[in-house]
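The primary structure of each chain is shown beneath.
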Amino acid sequence: MSKVKLFLFLILFGLPAFAEIPVAFIYAKTGSDSLIEKEMKRGLEIFKKVCPEYRKEIKIDLFDNQGLVEKTLPLLNQIKNKGYPILVGLRDNEQAMFVSDYAENNDQIFISPLATYSRIGLGKKNAFQLGANEIVQGGALAEFAKSDLKRKRILILLNHRSVYSQSLAEGFKKALTEKKDIDLRQHISNDKDFNIEGLKI
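Quick caveat, the model's predicted, so the values are computed rather than measured.

Reading guide: rules and limits
Residues numbered from 1 in each chain as written. Predicted model: local features only at pLDDT ≥ 70, side-chain atom pairs only at ≥ 80, totals over all residues. Heavy atoms only, no water. Core = buried A, V, L, I, M, F, W, Y, C linked by side-chain atoms within 4.5 Å. Buried < 20%, exposed > 50% of the residue type's maximum accessible area, 1.4 Å probe, protein only. Helix = DSSP H or I, 4+ residues; strand = E, 2+ residues; numbered from the N terminus. Contact = heavy atoms within 4.5 Å. Axes fitted to C-alpha atoms, helices over the stretch in contact; angles between N-to-C directions. Parallel < 35°, antiparallel > 145°, perpendicular 65-115°, else oblique. Left-handed = near helix turned anticlockwise from the far one by under 90°. Nonpolar A, V, L, I, M, F, W, Y, C, P; charged D, E, K, R; others polar.

**Notes on the nonpolar core**
- One finds Ile26, Phe63, Ile79, Leu87 and Phe110 to be the most contacted residues of the largest nonpolar core, which totals 17 residues.
- Here this core takes four residues from helix H4 (residues 93-105), the largest share from any one element.
- Those residues in contact with Leu87 that lie beyond four places of it in its chain are Ala24, Ile26, Leu76, Ile79, Val99, Ala103, Gln108, Ile109, Phe110 and Ile111.
- One finds Val23, Tyr27, Leu44 and Tyr54 within the second-largest nonpolar core, a separate group that totals eleven residues.

**Some details on the packing of helix H3 (residues 69-81) against H4**
- At a minimum axis separation of 10 Å, H3 and H4 run at an interaxial angle of 30°. Our classification of the angle between H3 and H4 gives roughly parallel. In this structure, H3 meets H4 at a crossing whose hand is right-handed. Two secondary-structure elements touch here, H3 through Val69, Thr72, Leu73, Leu76, Asn77 and Lys80 and H4 through Glu94, Gln95, Phe98, Val99 and Tyr102.
- Class assignment for the residues of the contact of H3 with H4 results in six nonpolar, three polar and two charged.

Fair warning: the whole summary comes from geometry, so function is off the table for now.
Here's what the structure looks like:
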């Protein structure tokens, strides 16, 4: 039985009184001014207050990757060497993708509360996302535009430099594929040359 399956079994079916699973909580404490990152940390503090009994089963330690991919690898090696089987955190898609690949290759569990990139968990047995990915978000936006706004002409503004933007557009278009009465168009740009005034809508 792999370490991942063993720890999942212990979590689902009860832990011995002496057992304590170490969890590495990774976030950008320094090097980032992200309010989302701080909210994720605040969520952890709320969890600790609401579920004080967690201390009997889980040992949570904080690790600062400074919001940078290049700082994440040495941190992951440090976490692995200390024997942490479960990694939690990260809202940045690029960083979360990097950690999910690392966890998969090292038989660790990775859980991201906020990262939305669908490929983080795609085809992986050890990576879990708690938030809706960008394809689901795109579908929800399409449903809102169609049912609530009653729009018949829709222009998708796609930033080709952003994987998130591309997947969001994919989910949006997929949700409206069979709607023949909607005039759906797409404008490909990036965050540097975008010019709304030059578009004919």
